[in-house]
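The primary structure of each chain is shown beneath.
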Amino acid sequence: MGLGLMVLCALAVVVKLPFGPVIAALGAVLGSFVIYAGVELKRTAVAMPLFRRVAAAMARSQLDEASKILDAVTSTDTLVRRVVTTSRAAIANARGDFPGAVTAASESIALPLSKRRVWDDVLHLDARAHRAFANAALGVDIDEDVYAIRAAKNAVSSVLARAELALTIVLAKSSQTSECSEHLTKYASLILGHAHPRERAL
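Note that the structure is predicted; figures quoted are calculated from it, not measured.

With respect to the helices and strands, asparagine 135 occurs in helix H6 (residues 118-138). The class for asparagine 135 is buried, based on a relative accessible area of 10%. If near-sequence neighbours (up to four positions away) are discounted, asparagine 135 is found in contact with Val102, Val140, Asp141 and Ile142.

Here it is, written out as structure tokens:
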């Protein structure tokens, strides 16, 4: 459709229609947008159902099934790879494989970030939250990831909850009792409402 629009507008110049050059310029822009939108929809149509399938398997505690779904993915599209690597980080955290979670999340974070895709940013932040949680369990600094999540406009509640829970773990591990208590009081509703029970148990 986008290509056809561009061709038709080019013909407007060839046959010397009034305002032909203007029509051609607008057609080129609109045609490019239609092509771009079509590609984006195609990518999202692959990535989002994949994300939902993995999330559903994890919600049923079927971690092996979730891993099998990811193992079958062959796409090299960045958004799909973001889904795969972020999901692997989530699975690793659920299994208590914190080094594996850090590796998978770091791979996701390292992928090029598209400013035009809100979902890409959401998944990028989710990967940061999983890395922060795993690093907190390992006793590694998490400030970079927590700061990035807090400053982001696309951080969803579950991501914010995991980041604040990770910081709670850091405070608890460092024996900062009063700071830990204050932090929990401040973010209790967020953590209780949106962090996974398995994560809260840690």
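Now that the structure has been shown, the text picks up again.
What follows is about the environment of glutamate 164. Among the structural elements, glutamate 164 can be located in helix H8 (residues 157-173). In sequence terms glutamate 164 and phenylalanine 133 are 31 residues apart; their C-alpha atoms lie 9.0 Å from each other. Among residues more than four places away in sequence, those in contact with glutamate 164 are Arg150, His183, Tyr187, Leu190 and Ile191.

A few words now on the packing of H8 against helix H9 (residues 177-194). Interhelical geometry of H8 versus H9 gives an angle of 150° and a closest axis separation of 9 Å. Considered as vectors, H8 and H9 are oriented roughly antiparallel to each other. Considering how the two elements wind past one another, H8 and H9 form a crossing that is left-handed. Contact with H8, carried on its side by Ser157, Ser158, Leu160, Ala161, Glu164, Leu165, Leu167, Thr168, Leu171 and Ala172, involves Glu179, Cys180, His183, Leu184, Tyr187, Leu190, Ile191 and His194 of H9 and no other residues of that element. Here the contact of H8 with H9 is built from residues that sort into eleven nonpolar, five polar and two charged.

Conventions used here
Chains are numbered independently. Their residues run from 1 in the order of the written sequence. In view of the model being predicted, local features appear only for residues whose pLDDT reaches at least 70, and side-chain atom pairs are presented and counted only at 80 or more, with totals across whole chains, interfaces and linings using the full set of residues. Just so you know, side-chain values use all the structure's heavy atoms and leave hydrogens and water out. Only runs of H or I of at least four residues qualify as helices and only runs of E of at least two qualify as strands under DSSP, and these elements are numbered from the N terminus. Only protein chains enter the area calculation, which uses a 1.4 Å probe; residues under 20% of their type maximum are buried, those over 50% are exposed, and those in between are partly exposed. We call two residues contacting when some pair of their heavy atoms lies within 4.5 Å. Axes here mean lines fitted to C-alpha atoms, for a helix over just the part in contact, with angles spanning 0 to 180 degrees between N-to-C directions. Here is the rule for angles: anything less than 35 degrees is roughly parallel, anything more than 145 is roughly antiparallel, 65 through 115 is roughly perpendicular, and the remaining ranges are oblique. Take the far helix as the reference: if the near one is turned anticlockwise from it by less than a right angle, the crossing is left-handed, and if turned clockwise, right-handed. For this classification, Asp, Glu, Lys and Arg are treated as charged, while Ala, Val, Leu, Ile, Met, Phe, Trp, Tyr, Cys and Pro are nonpolar and the rest, including Gly, are polar.

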